[in-house]
Amino acid sequence: MIELPPERANIRPWLVVESGDRWIHASRRFAPELMPPNLIAQVRHFEPPLTVALSGQQRAVILWEVRRAHFDKAIDGLAATRLRSPSTLLLAATRGLADRHHLALSEFGVATFVSHPEHLPRLAPMIGAYFSDSRE
Amino acid sequence: MTRLIDASGVPVWAISSSGKLVYLSSGTAQWLGVEVDQLVDRRSIAGAPVSDDPLDQVAAALSPPPGLAERGTASLRVHPPGVGPSPVHAIQVRFVRVGNGDGLTIAIGGEFNDRSLEDDLHDAVAIRQRLDAWRRHHTQLATIATAGVSPVARRMRLRLQVAASTRTHVGFFGPPGSGAESIATRVHQQSAPGESMVTVDGPLMDTELLDATMIPLVNQLADSSSAKATALVRGLDEMPLEAQQRLAAMLNTYASRLRLLAICGPRPSVLSEPLEPTELPSAELGEHPRRGIHDRLIDHLSGLTVTIEPLCRRVEDIPLMAAAAVDARHAAGEGNAERLSRNALDALVAYPWPGNFEELDGAMRQAMRTAPRQAIGVEHLPLAIRSFRAADGIQQTAIKSLDAALRQYETRLIEQAIEATDGNRAEAARRLGISRARLIRRIDQADSDD
């Protein structure tokens, strides 16, 4: 049986920024199901610089773990990402943050928030709309 | 009183607190073949030494069993030795202790049927207790299987509420391990409490077996025109077609009095009348290659159906269901754990659950046994769950042959060329370096392959 790699044009980066591996595992489990049928998510940890991570792709998903202890550092990273690639879809994985933190993150372009891995499947309509053909 | 007892002819005797026979009825004398006066004042104590006098031995045989003073009553089969020409037959005797302190023991001979009644009552109580425990078990499982906040769970509970509020045929459609049997049992308990139900294992049935399995219900329905009953059929879509036809006939015979609760796979096909044997491929003769539901049964099940989604489509319900399973087992004293750690919940959420709810329930059962303290960690979960790691999403496309791979690549290039030229096939052919005729042939070939 011959196996061919998928079309590079159909691969979309799904980048995870976190200190552990909770969200990389959750993303590998659920990201494939959230993508439109013709697209494939390439899930990996995000290492700067962003341009290399995106590999020339205009559209990508970044799931950023934001903790209270390193909130300012997360804000800096999100701001830099937004500036370099305004069209990326930013998701924030948060726990124990106050409303003011969420408001600040929204202002820096975070589209939505998740607290636990089981919340990822709810994002199917958003991910599908983000990657829809008319917008690419 | 003594005249009445003598007139009855029943063997009755009395023993004083000192253990001596103080009264014997004429029926006793007749039974033993001796005169009453010959036995009065003789000792009648169980286990006491007796002389060689045959009458002493007869008196001793009339003694009550040990422990009568504590229990107050006892039954014993008494067979005294014969002293006359005729043998003495054994009789059942009920001993009753009356009075406190210096009480009197009265012995009454005869046939007593209360021992078998006690056995019947004991059996009935034991069966009832087990049935109640079994029904509570299904109720608990059904509650956990339908728990959750997802839209899927909410819609399922709404349909189950309707099913539980009306006595009608219901079809439950879901993958293996979805807990459908517990859910269906609970619907039956709520919609028809006290009504008889028979569980039928659909794949194993033929017409004779189905008749034999349904006999208790059929008898009940035949005995009374107002009787009602329910048949819960597991795997209806895997039931042989002839058995399904037989079941459909039963439903028509008893109309609304016989109710069907059917458990089926997620997407069964609809079957019509079976093919003639000659129309079947020879390798399939004698087997049942077609799986599905007979259209006559579909008619009955069309009123109300409940779809039970696989667990992988109810991901956000998994933490709640797992916690409920742990709670239930903790309340039943099955382990020390009271909760799941967040890491354990993450692992449960990430696992795809090919075995669905029953696999989750089994995992919680194992975790409760393994966890020594209050929290269940990842290390207490079954190996398949704690070691599961999803792939990174990039999967290879399997192609069966080199020719198929080349055709797929060629088609892809042609599509890209046509898209780049806004549908201009002539221009697309020129850019690919082939003739327009060849390009059209390739397009037609790709369409026919699809």
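Up top you'll find the structure we're talking about.
What counts, and at which threshold
Residues numbered from 1 in each chain as written. Chains lettered and ligands numbered in written order. Predicted model: local features only at pLDDT ≥ 70, side-chain atom pairs only at ≥ 80, totals over all residues. Heavy atoms only, no water. Helix = DSSP H or I, 4+ residues; strand = E, 2+ residues; numbered from the N terminus. Buried < 20%, exposed > 50% of the residue type's maximum accessible area, 1.4 Å probe, protein only. Contact = heavy atoms within 4.5 Å. Areas by Shrake-Rupley, 256 points an atom, 1.4 Å probe, with all protein chains shown as cover. Polar contact = N/O pair within 3.5 Å; in protein donor to acceptor, adjacent residues only side chain to side chain. Pairing = 2+ DSSP bridges. Axes fitted to C-alpha atoms, helices over the stretch in contact; angles between N-to-C directions. Parallel < 35°, antiparallel > 145°, perpendicular 65-115°, else oblique. Left-handed = near helix turned anticlockwise from the far one by under 90°. Nonpolar A, V, L, I, M, F, W, Y, C, P; charged D, E, K, R; others polar. Patch = residues over 30% accessible without salt bridge, like charges linked within 9 Å, V, L, I, M, F, W, Y side chains within 5 Å. Salt bridge = Lys/Arg side-chain N within 4 Å of Asp/Glu carboxyl O. Phe/Tyr/Trp six-rings, centres within 6.5 Å; stacked < 30°, edge-to-face > 60°. Lys NZ or Arg CZ within 6 Å of the ring centre and 35° of its normal.

An account of the overall build of chain B is needed here, citing residue identities and associated values.
A count of helical and extended segments in chain B gives 17 helices and 15 strands. Here chain B, with 450 residues, has 40% of them falling under the buried criterion. The contacts of chain B with a sequence gap of at least 6 include a subset with a gap of at least 24, amounting to 61%. When the accessible surface of chain B is totalled, it reaches about 24,600 Å², and 51% of it is carbon and sulfur.

Now, about the overall build of chain A: what can you tell me, with residues and values included?
Within chain A, the regular secondary structure consists of five helices and six strands. Listing every helix and strand of chain A by position from the N terminus yields β-β-α-β-α-β-α-β-α-β-α. A burial count over chain A gives 49% of its 136 residues as buried. In chain A, once contacts between residues fewer than 6 apart in sequence are set aside, the share between residues at least 24 apart is 69%. Within the structure as shown, chain A displays about 6,900 Å² of accessible surface, and the carbon and sulfur contribution to it stands at 53%.

An account of helix H3 (residues 54-61) of chain B is requested, with residue identities and associated values reported.
Residue and element names in this part refer to chain B. Within H3 the residues assigned to the buried category are Leu 55, Asp 56, Val 58, Ala 59 and Ala 60. Where H3 is buried, its residues touch strand S2 (21-24) and helix H2 (26-32). Where H3 begins, the capping side chain belongs to Asp 53, and its oxygen is found 3.0 Å from the backbone nitrogen of Leu 55.

How would you sum up the sheet that holds strand S3 (residues 40-45) of chain A? Please name residues and give values.
Residue and element names in this part refer to chain A. Reading across the sheet, the five strands line up as S3-S2-S4-S5-S6 and stay open at both edges, with parallel pairing between neighbours. The open sheet terminates on both sides in strands that have one partner only, identified here as S3 and strand S6 (110-114). The sheet shows a mean angle of 25° between the axes of neighbouring strands, direction not considered. Sheet analysis places strand S5 (residues 89-94) next to S6, joined by four bridges and oriented parallel. Bridge pairing links Ala 93 to Val 114 in S6. Helix H3 (residues 71-84) rests against strand S4 (61-66), S5 and S6 of the sheet, and its axis sits at about 165° to S4.

Help me get a handle on the sheet that holds strand S7 (residues 196-201) of chain B, residues and values and all.
All names here are of chain B. As summarised here, the arrangement of the five strands in space is S7-S8-S9-S6-S12, forming an open sheet in which the pairing is parallel. Either end of the sheet is taken by a strand with one partner, and the two such strands are S7 and strand S12 (305-307). Strand after strand, the sheet turns through a mean of 15° between neighbouring axes, direction not considered. Both strand S6 (residues 170-173) and strand S9 (residues 258-264) contribute to a ladder of four bridges, which runs parallel. Note that in S9 the partner of Val 170 across the bridge is Leu 261. Contacting S6, S7, strand S8 (229-234) and S9, helix H7 (residues 180-191) runs over the sheet at an angle of about 160° to S9.

I'd love a proper account of the packing of helix H8 (residues 207-223) of chain B against helix H9 (residues 241-254) of chain B, names of residues and values included.
Each pair of packed helices can be described by the angle between their axes along with the distance between the axes. Residue and element names in this part refer to chain B. One way to put it is that H8 packs onto H9 with a least axis distance of 10 Å and a crossing angle of 15°. By the angle between their directions, the pair H8 and H9 is classed as roughly parallel. Crossing of H8 over H9 shows right-handed handedness. Between H8 and H9, the residues in contact are Thr 207, Leu 210, Asp 211, Met 214, Val 218 and Leu 221 and Glu 242, Ala 243, Arg 246, Leu 247, Met 250 and Tyr 254, respectively. Classifying every residue of the contact of H8 with H9 by side-chain character gives eight nonpolar, one polar and three charged.

So what about unusual backbone geometry? Which residues, and what values?
Residues and elements named next belong to chain B. Not every positive phi belongs to a glycine, and Trp 353 is a case in point at roughly 55°. With respect to the helices and strands, the residue Trp 353 is situated in the loop between helix H12 (342-350) and helix H13 (356-370). With a relative accessible area of 1%, Trp 353 lands in the buried category. You will see that Asn 356, though not glycine, has its phi angle at about 60°, which is positive. Tracing the backbone through its elements, the reader meets Asn 356 in helix H13. A relative accessible area of 4% places Asn 356 in the buried class.

Please give an account of a nonpolar patch on the surface that cites residues and values.
All names here are of chain B. Residues Val 22, Val 96, Val 98 and Leu 104 make up a contiguous nonpolar surface patch of about 240 Å² in total accessible area. Checked against the element boundaries, Val 22 lands in strand S2. For Val 22, a relative accessible area of 40% gives the class partly exposed.

So what's going on with the environment of Glu359(B)? Residues and values would help.
Residues and elements named next belong to chain B. For Glu 359, the position within the fold is in helix H13. C-alpha of Glu 359 to C-alpha of Leu 311: the two residues are 48 residues apart in sequence and 9.8 Å apart in space. For Glu 359, the side chain forms a polar contact with the side chain of Tyr 351, separated by 2.7 Å.

So what about the packing of aromatic side chains? Which residues, and what values?
Per the stated rule, a full pass over the model turns up six aromatic pairs over all chains. Here the aromatic rings of Tyr130(A) and Phe131(A) are separated by 4.8 Å at their centres, their planes lie at 70°, and the arrangement is edge-to-face. Given a relative accessible area of 1%, Phe131(A) falls into the buried group. Ring geometry for Trp13(B) and Trp31(B): centres 5.9 Å apart, planes at 20°, overall stacked. Of the two residues, Trp13(B) sits in strand S1 (residues 12-15) while Trp31(B) sits in helix H2, which places them 18 residues apart along the sequence. Judged on exposure class, the residue Trp13(B) and its partner Trp31(B) are both buried. Over the ring of Tyr130(A) we find Arg59(A), and its NZ or CZ is 4.6 Å from the ring centre.

Tell me about the pairing of S2(B), residues and numbers included.
Residues and elements named next belong to chain B. Taken together, the three bridges between S1 and S2 define a ladder with antiparallel strand orientation. For Ala 14, the partnering residue across the bridge sits in S2 and is Tyr 23. Connecting S1 to the antiparallel partner S2 that follows it, the hairpin turn spans five residues, and Gly 19 within it adopts a positive phi of roughly 90°.

Outline the environment of Ile144(B), supporting the account with residue identities and numerical values.
Residue and element names in this part refer to chain B. Mapped onto the elements of the fold, Ile 144 is located in helix H5 (residues 114-145). On the basis of relative accessible area, Ile 144 is assigned to the buried category, the value being 6%. For Ile 144, the contacting residues outside a window of four places in its chain are Met 321, Ala 324, Ala 325, Ala 328 and Phe 357.

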